[in-house]
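Listed below are the residues making up each chain.
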Amino acid sequence: MSILDNAEQRFVEAVANGLRELAFDKWGESIYFYPKAAMQLKQKAGYGKCLDADNDAEIALYILMYRARDKDGRKLFKPSEREKIQMKVLAEDVAEIVQEMLRIDGEDLPGK
């Protein structure tokens, strides 16, 4: 196996650790997400750009959009739904979901 194959295997193992469940009663649903260790490099790069912007709302929105999954591991939100989330979803709900994801992962929202 090549070094890239070995690196890919570590990613597969991180994803295989399974989805984590976050029951969010305010929406009447559970939200699932993979452990932070399973985030793709592309996702982490976007997360870093949000951190550079130093905007908690953008960071929370990014985390929600890219990490929230259904029970089968499919993304809950499409990029085309970003504006709808920004305009028609309570910011406190997004913040609460993201804070709970990060708590489960064992970290805090930057700046908190």
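Use the structure listed above.
Overview of the structure.

What counts as what
- Residues numbered from 1 in each chain as written.
- Predicted model: local features only at pLDDT ≥ 70, side-chain atom pairs only at ≥ 80, totals over all residues.
- Heavy atoms only, no water.
- Phe/Tyr/Trp six-rings, centres within 6.5 Å; stacked < 30°, edge-to-face > 60°.
- Buried < 20%, exposed > 50% of the residue type's maximum accessible area, 1.4 Å probe, protein only.
- Helix = DSSP H or I, 4+ residues; strand = E, 2+ residues; numbered from the N terminus.
- Lys, Arg positive; Asp, Glu negative; His and termini not counted.
- Salt bridge = Lys/Arg side-chain N within 4 Å of Asp/Glu carboxyl O.
- Contact = heavy atoms within 4.5 Å.
- Expected span 1.5 Å × (residues − 1).
- 1 Å grid on protein atoms, 1.4 Å probe; cavity = no way out; pocket = protein on both sides within 12 Å on 5 of 7 lines; lining within 4 Å.
- Points joined across faces, edges and corners; volume = space filled by probe spheres on them.
- Nonpolar A, V, L, I, M, F, W, Y, C, P; charged D, E, K, R; others polar.
- Core = buried A, V, L, I, M, F, W, Y, C linked by side-chain atoms within 4.5 Å.
- Polar contact = N/O pair within 3.5 Å; in protein donor to acceptor, adjacent residues only side chain to side chain.
- Pairing = 2+ DSSP bridges.

### A few points about the packing of aromatic side chains
Logical step 1: Considering all chains together, one arrives at 2 aromatic pairs under this definition.
Logical step 2: Between F24 and W27 the ring centres are 5.3 Å apart and the planes differ by 85°, which places this aromatic pair in the edge-to-face class.
Logical step 3: Accessibility expressed as a relative area gives 4% for F24, which makes it buried.
Logical step 4: Taking the relative accessible area as the measure of exposure, W27 reaches 30% and is therefore partly exposed.

### Structural notes on the side chain of D93
Logical step 1: Following the sequence through the fold, D93 ends up in helix α5 (residues 91-105).
Logical step 2: K26 is the oppositely charged side chain nearest to the buried, salt-bridge-free D93, at an N-O distance of 4.4 Å.
Logical step 3: Contacts of D93, omitting those with residues within four sequence positions, involve F24, K26 and W27.

### Section: the pattern of salt bridges
Logical step 1: Within this structure, the stated rule accounts for 7 salt bridges.
Logical step 2: Its salt-bridge partner being R74, residue D70 comes within 3.1 Å of it at the nearest N-O pair.
Logical step 3: A salt bridge links R74 to D72, with the nearest nitrogen and oxygen atoms 3.3 Å apart.
Logical step 4: If you follow the salt bridges from partner to partner, you end up with R20, R67 and D105 in one network.

### Quick word on helix α3 (residues 56-67)
Logical step 1: With 12 residues, α3 extends 16 Å from end C-alpha to end C-alpha; this agrees with the ideal 16 Å at 1.5 Å per step.
Logical step 2: When we look at burial in α3, the residues that qualify are I59, A60, L61, Y62, I63, L64, M65 and R67.

### Looking at the layout of surface pockets
Logical step 1: Of the pockets and cavities examined, the largest pocket occupies roughly 180 Å³.
Logical step 2: Of all the secondary structure elements, the ones that give two or more residues to the lining of the largest pocket are α3, α4 (82-88) and α5.
Logical step 3: With 4 residues, α3 is the largest single contributor of residues to the lining of the largest pocket.
Logical step 4: The residue inventory of the lining of the largest pocket, partitioned by class, reads 8 nonpolar, 1 polar and 1 charged.

### Let's talk about the nonpolar core
Logical step 1: L64, I85, I97, V98 and M101 are the most contacted members of the largest nonpolar core, which totals 18 residues.
Logical step 2: Among the elements of the structure, β1 (20-24), β2 (29-33), α3 and α5 are those that each provide at least two residues to this core.
Logical step 3: If we skip the residues at most four places from it in the chain, L64 touches F77, I85, V94, I97 and V98.

### Re the side chain of R67
Logical step 1: Here R67 lies in helix α3.
Logical step 2: Among the polar contacts listed, one links the side chain of R67 to the backbone oxygen of Y34, at a separation of 2.6 Å.

### Considering the pairing of β1
Logical step 1: For β1 and β2, the ladder comprises 5 bridges, and the chain directions are antiparallel. Across the sheet, residue A23 finds its bridge partner in β2, namely S30.
Logical step 2: In this structure, the hairpin formed by β1 and β2 is closed by a connection of 4 residues, where G28 is found at a positive phi of approximately 70°.

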